[in-house]
Amino acid sequence: MRVLGIHLAPLVIPLERRLQTYAVFHHVSTFFFLGISSTIFMVFLLFTPLCWLVLPYWAWYIYDFNQSSRGGRRFEWARRNIIWTWLRDYFPVRLIKTADLDPAHNYIFGSHPHGIMGMGAFSNFLTEANGFSELYPGITMTLLSLKLMHYFPIYREYIMALGVCDVSKESIQCLMKRKGQAITIVIGGAKEALDASPGCTRLVLKNRKGFVKLAIQTGAYLVPTFSFGENEIYTLVNYSPPGSRLRELQRKIQQKVGVAPIVINGRGVFNYTLGFLPYRKPITTVGENRRITRSRPSISNELQCDVYCCFFQLATRFQSCRIHSRVRKKSTRSTTVTCPNLSRYLTSTRNGAASPMRNWSLWID
């Protein structure tokens, strides 16, 4: 039913779908509002007669401030909460396993794209909704985020319980000291969120070489991962193309504060037209293991091209699989693609031939 152009949700909906909507509402509200609201609340209490209630926590906060750079503090019960299963089923989110990971080695997962809130990386690597520890036994996964996210009181405890650490060099080196460790870095960061527009993916990768250097220094394997559908769950109200004045202003703000200044639209709890909840669009994450040798002390163009090749193999391989077989629910097989070429797999066509990427475009920035 529509009222004033707003598509209202039916009154009678199965309980399962209500639980899924609740899980998404909880996660999105926490992601957008818990950090700033908890900070305001905790600071406010310091100037009231109830300050004695929060003084012990502030003392702990100061003492524990750098814990996010020293391996964090994770709790398995938080990662295995049933709410994450409801969150997974809302879209749904899937994780396709393409190879085993040897727990005798360490791994650096490069996650793309960032989207608005990295829902694919969150569901697959920060929770056990898709059974990561069962798919890859002996591997301990940690998701890395901005240090800024660990400045917020209460919120920092919440994300560390799930297994989040900050993305500093000190944090990565600390985690890589033990075998069987895997870390996920959303390489494009907030800059990629400026291009989180349905139908097009712009990867921020060319000037992000630090993760490759750390892979060489620590002897870790690189595992590029791609979450198809990540950019489909929201629409950008204030989307501006690269090179425009608004984009330049957004870039400057993002560089100063670390957060992309964007306005999003999704659906609501009781309608499908307006709101801050994401659309029900499937998200599928695939990855490919790639060894980076330690024998090269510096980053060469050849090595960078090799990393790019991994990402394009992922993109073209999965797209080919989806187009021809529609990716059956339990299938983990995919079509092999050899040595992809950048100009060949972008949206443009050549000599009237259709692009292998069909209705989906991929750009490197």
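Residues numbered from 1 in each chain as written. Predicted model: local features only at pLDDT ≥ 70, side-chain atom pairs only at ≥ 80, totals over all residues. Heavy atoms only, no water.

### Quick notes on the overall build of the chain
The number of helices and strands found in the chain is 12 helices and 14 strands. For the chain, buried positions account for 50% of its 365 residues. Within the chain, residue pairs in contact and separated by at least 24 positions form 77% of the contacts whose partners lie at least 6 positions apart. Carbon and sulfur atoms form 60% of the exposed surface of the chain, whose accessible area is close to 18,300 Å². (Helix = DSSP H or I, 4+ residues; strand = E, 2+ residues; numbered from the N terminus. Buried < 20%, exposed > 50% of the residue type's maximum accessible area, 1.4 Å probe, protein only. Contact = heavy atoms within 4.5 Å. Areas by Shrake-Rupley, 256 points an atom, 1.4 Å probe, with all protein chains shown as cover.)

### Digging into the layout of surface pockets
There is about 1,300 Å³ of room inside the largest pocket. Around the largest pocket, the lining comprises 48 residues; the ones closest to its centre are His114, Ser145, Leu146, Met149 and Ala190. For the lining of the largest pocket, the secondary-structure elements that each account for two or more residues are helix H1 (15–45), helix H5 (119–126), strand S5 (140–145), helix H7 (155–162), helix H8 (169–175), strand S7 (181–186), helix H9 (189–193) and helix H10 (210–218). By residue number, the principal contributor to the lining of the largest pocket is H1, which donates six residues. When its residues are assigned to classes, the lining of the largest pocket shows 31 nonpolar, 13 polar and four charged. (1 Å grid on protein atoms, 1.4 Å probe; cavity = no way out; pocket = protein on both sides within 12 Å on 5 of 7 lines; lining within 4 Å. Points joined across faces, edges and corners; volume = space filled by probe spheres on them. Nonpolar A, V, L, I, M, F, W, Y, C, P; charged D, E, K, R; others polar.)

### Brief notes about empty space enclosed by the protein
Overall, the coordinates contain three cavities of 30 Å³ or more when judged by the stated rule. Taken as a whole, the largest cavity holds about 130 Å³ of empty space. Within the residue set of the lining of the largest cavity, elements represented by two or more residues are strand S3 (93–96), strand S9 (221–228) and strand S12 (283–287). The dominant element in the lining of the largest cavity, judged by the number of residues it contributes, is S12, at three residues. Of the residues belonging to the lining of the largest cavity, the class tally is 10 nonpolar, five polar and two charged.

### A short note on the pattern of salt bridges
Oppositely charged side chains may form a pair once their charged atoms are brought near each other. Counted according to the given criterion, the structure contains 12 salt bridges. Linking Arg88 and Asp89 is a salt bridge whose minimum nitrogen-to-oxygen distance equals 2.9 Å. We note a salt bridge from Arg156 to Glu157, for which the minimum N-O separation is 2.8 Å. Judged by its relative accessible area of 0%, Arg156 falls in the buried class. The structure contains a network of salt bridges with shared partners spanning Arg74, Glu76, Arg79, Arg80 and Glu128. (Salt bridge = Lys/Arg side-chain N within 4 Å of Asp/Glu carboxyl O.)

### As for a nonpolar patch on the surface
A surface patch of nonpolar side chains, amounting to about 400 Å² of accessible area, comprises Leu246, Leu249, Ile253, Val257 and Val259. Look at Leu249 and you get partly exposed, because its relative accessible area is 47%. (Patch = residues over 30% accessible without salt bridge, like charges linked within 9 Å, V, L, I, M, F, W, Y side chains within 5 Å.)

### Observations concerning the state of the cysteines
The tally for this structure, following the rule as stated, stands at zero disulfides. No disulfide involves Cys174; its nearest neighbouring cysteine sulfur is the one of Cys165, lying 7.8 Å away. (Disulfide = S-S within 2.5 Å.)

### Structural notes on the confidence of the model for the chain
Do not read the predicted coordinates in detail wherever pLDDT is low. Averaged over the chain, the pLDDT score is 80; the fraction of residues at 70 or greater is 79%. The spread of mean pLDDT over the elements of the chain runs between helix H12 (residues 301–325), the lowest at 52, and helix H4 (residues 82–90), the highest at 96. (pLDDT = per-residue confidence, 0-100.)

### Some words on the nonpolar core
What tends to happen in soluble globular proteins is that the nonpolar side chains get buried as a cluster. One finds Leu87, Phe91, Tyr107, Phe109 and Phe132 to be the most contacted residues of the largest nonpolar core, which totals 43 residues. Taken together, the elements giving at least two residues each to this core come down to H1, H4, S3, strand S4 (107–112), H5, S5, H7 and S9. Residue contributions to this core peak at five residues, all from H5. Membership of the second largest hydrophobic core comes to 17 residues, among which are Ile108, Met176, Ala215 and Ile216. (Core = buried A, V, L, I, M, F, W, Y, C linked by side-chain atoms within 4.5 Å.)

### Concerning helix H11 (residues 245–257)
Over its 13 residues, H11 runs 19 Å from end to end, which matches the ideal 18 Å to within 8%, given 1.5 Å per residue. For H11, every residue scored as buried is listed here: Arg247, Gln250 and Gln254. Looking down the long axis of H11, one finds its buried residues gathered within 60° of arc, a one-sided arrangement. Of the exposed residues in H11, those oriented more than 90 degrees away from the buried face are Arg245, Lys252, Gln255 and Lys256. Two residues or fewer after H11 comes Gly258, characterised by a positive phi angle close to 85°. (Expected span 1.5 Å × (residues − 1). Arc of directions from axis to C-beta.)

### Observations regarding the packing of aromatic side chains
For any pair of aromatic rings, the description consists of the separation of the ring centres together with the inter-plane angle of the planes. By the definition in use, this model includes 21 aromatic pairs. Centroid distance Phe65 to Tyr151: 5.6 Å. Interplanar angle 10°. Geometry classified as stacked. Here Phe65 is found in the loop between helix H2 (51–63) and helix H3 (76–79), whereas its partner Tyr151 is found in the loop between S5 and H7, with 86 residues between them in sequence. Look at Phe65 and you get partly exposed, because its relative accessible area is 26%. Here the aromatic rings of Tyr107 and Tyr221 are separated by 5.5 Å at their centres, their planes lie at 40°, and the arrangement is tilted. In this pair, Tyr107 is assigned in strand S4 and Tyr221 in strand S9, connecting sequence segments 114 residues apart. The exposure class of Tyr221 is buried, given its relative accessible area of 17%. It is Lys97 that lies over the ring of Tyr136; its NZ or CZ is 5.3 Å from the centre. (Phe/Tyr/Trp six-rings, centres within 6.5 Å; stacked < 30°, edge-to-face > 60°. Lys NZ or Arg CZ within 6 Å of the ring centre and 35° of its normal.)

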